[in-house]
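# Structure at a glance
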Amino acid sequence: MKKLFTLCALCTFFLALSAQKYTKAVGVVAGMTNGISYKQLNDHIAFQADLGIGINYAPIGYGLAMDCWDFRLNPNLAYQAPITSGNQGTLAGFFGGGLSLGEVNSYLFNQCVGGVFGINAIAGVEYAFSHSPLTFGFDFRPGYGLYFDANDGISAFDWRLNICIRYCL
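As the structure is a prediction and not an experimental result, all values here were calculated from the model.

Tallying each qualifying case throughout the model produces 6 salt bridges. As a salt-bridge pair, glutamate 126 and arginine 166 come within 3.0 Å of each other at their nearest N and O atoms. Of the two residues, glutamate 126 sits in strand E6 (residues 111–129) while arginine 166 sits in strand E8 (residues 153–168), which places them 40 residues apart along the sequence. The pair formed by glutamate 126 and arginine 166 is uniform in burial state, with each residue classed as buried. Connected through salt bridges with shared partners, the residues Lys39, Glu126 and Arg166 form a single ionic network.

The structure is reproduced here in structure tokens:
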């Protein structure tokens, strides 16, 4: 019983420490990108990187579009500032930009049909709880990407809507 009490006290202590204003957080991203997410906050500058699999409708080949999935790294740099703060937590807004790097795969052919390189903007909101080490975020990422294969490259508008759940370290 004593060990259980000590374990509960330690867990509560570490949860309270991590519920303070965070500098690093790791978690999952879901939506048009599904994978892992990392965010580091230094004053008002936020670095966010997501690595995952996404579903999109990408132009491949001779200007035709097909249903594709991609494996993509998306690092972003953003300005983040609190919108409102209360006893339960802080709501912050952020905006900035970043890159998209990865490969595009076809459902139809079940093979890699090319790569993707692009730039994107990012804007969203994030809620950090005061009494919990969790943050919830929502972001919109419009961008412009170059989809390329061995023969040619096609540029296209690309956008993502995602939600993130992260654990503050």
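Below, the discussion takes up the environment of alanine 30. With respect to the element layout, alanine 30 can be found in strand E1 (residues 24–31). Accessibility expressed as a relative area gives 31% for alanine 30, which makes it partly exposed. Distance from alanine 30 to glycine 54, taken between C-alpha atoms, is 9.1 Å for residues 24 residues apart in sequence. With sequence-adjacent residues up to four places away left out, alanine 30 is seen in contact with Leu161, Asn162 and Ile163.

Turning our attention to the packing of aromatic side chains. Per the counting criterion, the structure on display carries 3 aromatic pairs. Where phenylalanine 129 meets phenylalanine 136, the ring centres are 5.6 Å apart and the plane angle is 90°; that geometry is what we call edge-to-face. The exposure class assigned to phenylalanine 136 is partly exposed, which follows from its relative accessible area of 35%. Ring-pair connections join several aromatic residues into one group, and the members of that group are Tyr127, Phe129 and Phe136. Stacked on the ring of phenylalanine 94, the Lys or Arg lysine 39 has its end atom at 4.2 Å from the ring centre.

By the bridge criterion, 6 bridges tie E1 to strand E2 (residues 33–42) in an arrangement that is antiparallel. Bridge pairing in E2 places alanine 25 opposite lysine 39. In this structure, the hairpin formed by E1 and E2 is closed by a connection of 1 residue.

Attention now goes to the environment of valine 104. Turning to its location among the elements, valine 104 is positioned in strand E5 (residues 89–106). Remark: the alpha-carbon pair of valine 104 and arginine 72, spanning 32 residues in sequence, is separated by 8.5 Å.

Quick look at the nonpolar core now. Residues Cys68, Val104, Val113, Val116, Tyr147 and Ala156 constitute the largest nonpolar core, which totals 6 residues. Membership of the second largest hydrophobic core comes to 5 residues, among which are Ala25, Leu41, Ala46 and Cys168.

Overall, the relative accessible area of 2% leaves arginine 166 in the buried class. Of note is the side chain of arginine 166, whose polar atom sits 3.0 Å from the side chain of serine 37. Once residues within four sequence positions are removed from consideration, arginine 166 is found in contact with Ala25, Val26, Gly27, Ser37, Tyr38, Lys39, Gln48, Glu126, Pro133, Leu134 and Thr135.

Summary statistics for the protein chain give a mean pLDDT of 82 and a share of 75% for residues scoring 70 or more. Highest mean pLDDT in the protein chain belongs to E1 (96); lowest belongs to helix H1 (residues 2–18) (49). Note on residues 9–20: pLDDT under 50 across the span, and 10 contacts to partners over four residues away in sequence or across chains.

Moving on, we come to the side chain of lysine 39. Tracing the chain through its elements places lysine 39 in strand E2. A distance of 2.7 Å separates a polar atom in the side chain of lysine 39 from a polar atom in the side chain of glutamine 80. Not counting residues up to four positions away in its chain, the partners in contact with lysine 39 are Tyr22, Thr23, Lys24, Ala25, Ala46, Phe47, Gln48, Gln80, Phe94, Glu126 and Arg166.

About the criteria used
- Residues numbered from 1 in each chain as written.
- Predicted model: local features only at pLDDT ≥ 70, side-chain atom pairs only at ≥ 80, totals over all residues.
- Heavy atoms only, no water.
- Salt bridge = Lys/Arg side-chain N within 4 Å of Asp/Glu carboxyl O.
- Helix = DSSP H or I, 4+ residues; strand = E, 2+ residues; numbered from the N terminus.
- Buried < 20%, exposed > 50% of the residue type's maximum accessible area, 1.4 Å probe, protein only.
- Contact = heavy atoms within 4.5 Å.
- Phe/Tyr/Trp six-rings, centres within 6.5 Å; stacked < 30°, edge-to-face > 60°.
- Lys NZ or Arg CZ within 6 Å of the ring centre and 35° of its normal.
- Pairing = 2+ DSSP bridges.
- Core = buried A, V, L, I, M, F, W, Y, C linked by side-chain atoms within 4.5 Å.
- Polar contact = N/O pair within 3.5 Å; in protein donor to acceptor, adjacent residues only side chain to side chain.
- pLDDT = per-residue confidence, 0-100.

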